[in-house]
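# Fold and contact review
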Amino acid sequence: MDRKYSIDVKPDDDKVKIAGWVHEIRDIGKLVFVVVRDREGEVQVTFKKDELNEQLFENGKSLGNEDVVEIVGNVEENDQAPGGREIKPERMDIIGQAESPLPLEVTGSVDSDLSTRLDKRFMDLRKKHVFDIFSFRDKVVTGLREYYDDEGYIEIHTPIISKGGAEGGATLFPVIYYQEEAFLRQSPQLYKQMLMAAGFDRVYEIGPSFRAENFGTSRHVSEFTQWDVELSFIDDHNDVMDALEGGLKHLIEYLNEHASRELEVMDVDLEVPEEDFPRITFDRAIEILDEEFDYQPDEEGDLDTKGEKLLGEYFEEKGHEFFFVVGYPGEKFYYMQDREEDEMASRKFDLIFRGQELSSGGQREHRLDVILDAMDEEGVDKSNFSFYLEAFKFGMPPHGGFGMGLDRLVTKLLELDNIKEGILFPRDPSRLTP
Ligand code: AMO
């Protein structure tokens, strides 16, 4: 007999087999009500002394919270039971007994702080509302995949272990690679670009990236998942922003259709953006901060966390949750910059969503001589990048791309307080286990 999920057990079913965790027990002497939980929901199993053989009744009575059981029984209608039905057991196997006391309360009656929850994550993830974050995250990935697959992008998998980093030296995690030092990637960007030289035209990759920064914020982790896209034969950075904007608009439509249950449980409304995402220059962003909020970011060339938040408020009031800021000054060697016709410092953009940076990208520099000059200016050791630079020598089309933080996207869509809530087993400077 095939196992059924609890959600599929209907009042008019005959005999069923279910399996799951003992979620709740109510023992009133000759009657024991046991709620069994599986991934999809719950079903009540009723042990009645008069109806069962002695052993089965005693087994029902001996159950403890979070034991794993497999039960075969007959379904009966019962208006008082959740879902209007209950199972009268015929056979039960106790497959895995749970020790007591439990390391974490699963029924949701006791609140634990995030650190304790993450320490006992396998228990924490048994909570339905916590699991729902990850079923939602699964749908985010499916929704994005659907869009980029339809638009002719090819999914790629590039190396995690690399010789140099795309985002600068200070935040690299070193690894010992046989006899030499290597690093965990900070971004798949250099490889995405090399695939533009290889003629792949449009690619996306979903995978982990690593940053060894010593941060203790609610939006940074040491290992995060990036949604990366690169495309060729673009006119300029606007084509790259179009690719990102199209993906996000599709995603929100997709989630409204396919994740309505999760959204409802979490009491979240996702509005499909009707209008185009505003695109403003970096200079204009600084102007708005100054004029509207009398705020001047400390660091030149950066909007900083507070600046992004204030701009988020400014645009939210105008009905926009997403907006682009384009033309950051002092950018890395791989972005196209200082084009006289642009009146902007670079073709690099950030996408801000609900007041937080969600993605960075832009048009890349595809002319080798310009890249080499920019590397000299930045003081980059070219020998670490020779494999990358070679790809520009033998026919490189104009191209661009972006990296979007998937964890941040999930956090912001579900209005979670901390990015770590949306990551199964997060890594930060003080957390390497579980
Ligand atoms: P950037 O460094 O801005 O750009 O990263 C892109 C996006 O990844 C997310 N992100 C992070 N999320 C959680 N914790 C972190 N420590 C963290 N760091 C980054 C953010 C960010 O917007 N190579 C470029 C992309 C490109 O141009 O293709 C890059 O990595 O959401």
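So, here is what we can say about the structure in this document.

Rules of the game
Residues numbered from 1 in each chain as written. Predicted model: local features only at pLDDT ≥ 70, side-chain atom pairs only at ≥ 80, totals over all residues. Heavy atoms only, no water. Helix = DSSP H or I, 4+ residues; strand = E, 2+ residues; numbered from the N terminus. Buried < 20%, exposed > 50% of the residue type's maximum accessible area, 1.4 Å probe, protein only. Contact = heavy atoms within 4.5 Å. Areas by Shrake-Rupley, 256 points an atom, 1.4 Å probe, with all protein chains shown as cover. Pairing = 2+ DSSP bridges. Axes fitted to C-alpha atoms, helices over the stretch in contact; angles between N-to-C directions. Salt bridge = Lys/Arg side-chain N within 4 Å of Asp/Glu carboxyl O. Polar contact = N/O pair within 3.5 Å; in protein donor to acceptor, adjacent residues only side chain to side chain. Core = buried A, V, L, I, M, F, W, Y, C linked by side-chain atoms within 4.5 Å.

### A short note on the overall build of the protein chain
Within the protein chain, the regular secondary structure consists of 12 helices and 16 strands. Projected onto its principal axes, the C-alpha positions of the protein chain cover 90 × 55 × 40 Å. For the protein chain, the proportion of its 434 residues judged to be buried stands at 52%. Looking at the protein chain alone, contacts between residues at least 24 apart form 65% of all its contacts between residues at least 6 apart. For the protein chain, the exposed surface amounts to about 21,200 Å²; the carbon and sulfur share of it is 45%.

### What about the sheet that holds strand E5 (residues 85-96)?
Taken in spatial order, the five strands of this closed barrel run E1-E2-E3-E5-E4, and their pairing is mixed. Each adjacent strand pair in this sheet contributes to an overall mean axis angle of 55 degrees, direction not counted. Relative to strand E2 (residues 31-38), strand E1 (residues 15-27) runs antiparallel, the two being bridged by six bridges. Paired with Arg26 across the two strands is Phe33, which belongs to E2. On the sheet, helix H1 (residues 54-62) packs against E1, E2, strand E3 (41-48) and E5 and is oriented at approximately 75 degrees with respect to E5.

### A closer look at unusual backbone geometry
Of note, the amide linkage connecting Ser100 to Pro101 takes the cis form, showing an omega dihedral of 0 degrees. Assignment of secondary structure puts Pro101 in the loop between E5 and helix H2 (114-119). A cis amide bond links Thr433 to the next residue, Pro434, at an omega of -10 degrees. Position of Pro434 relative to the elements: it lies in the segment after helix H12 (406-413). Despite not being glycine, Asp267 shows a phi value in the positive range, around 55 degrees. Here Asp267 shows up in the loop between helix H7 (260-265) and strand E12 (279-281). For Asp267, a relative accessible area of 70% corresponds to the exposed category. The backbone of Asp338 shows a phi angle near 50 degrees, a positive value even though the residue is not glycine. With respect to the helices and strands, Asp338 occurs in the loop between strand E13 (322-326) and strand E14 (348-353).

### Considering the pattern of salt bridges
By the definition in use, this model includes 41 salt bridges. Residue Glu76 is joined to Lys88 by a salt bridge in which the shortest nitrogen-to-oxygen separation is 3.2 Å. Residue Glu76 is located in strand E4 (residues 68-77), and its partner Lys88 is located in strand E5; the two are separated by 12 residues in the primary sequence. Several salt bridges converge on common partners, so that one network encompasses Lys128, Asp132, Lys139, Arg261 and Glu262.

### Quick notes on the side chain of Glu230
Tracing the backbone shows Glu230 in strand E11 (residues 223-232). Overall, Glu230 belongs to the buried group, its relative accessible area being 0%. Here the side chain of Glu230 touches Lys192 through a polar contact of 3.3 Å, side chain to side chain. At 2.8 Å, the side chain of Glu230 forms a polar contact with the side chain of Arg364. Residues within four places of Glu230 in sequence aside, it is in contact with Tyr153, Lys192, Gln193, Met196, Asp201, Arg202, Val203, Arg364, His399, Gly400, Gly401 and Phe402.

### Points about the nonpolar core
With 48 residues, the main nonpolar core has Val140, Trp227, Leu248, Phe402 and Leu409 as its most contacted residues. Mapped by element, the contributors of at least two residues to this core are helix H4 (128-150), strand E10 (202-210), E11, helix H6 (237-258), E13, E14, strand E16 (399-405) and H12. Once you skip the residues sitting within four places of it in the chain, Val140 turns out to touch Leu251, Leu255, Leu406, Leu409, Val410 and Leu413. Within the second largest apolar cluster, 19 residues are counted, among which are Val16, Val34, Phe47 and Phe57.

Functional significance is not addressed by these values, which are geometric in nature.
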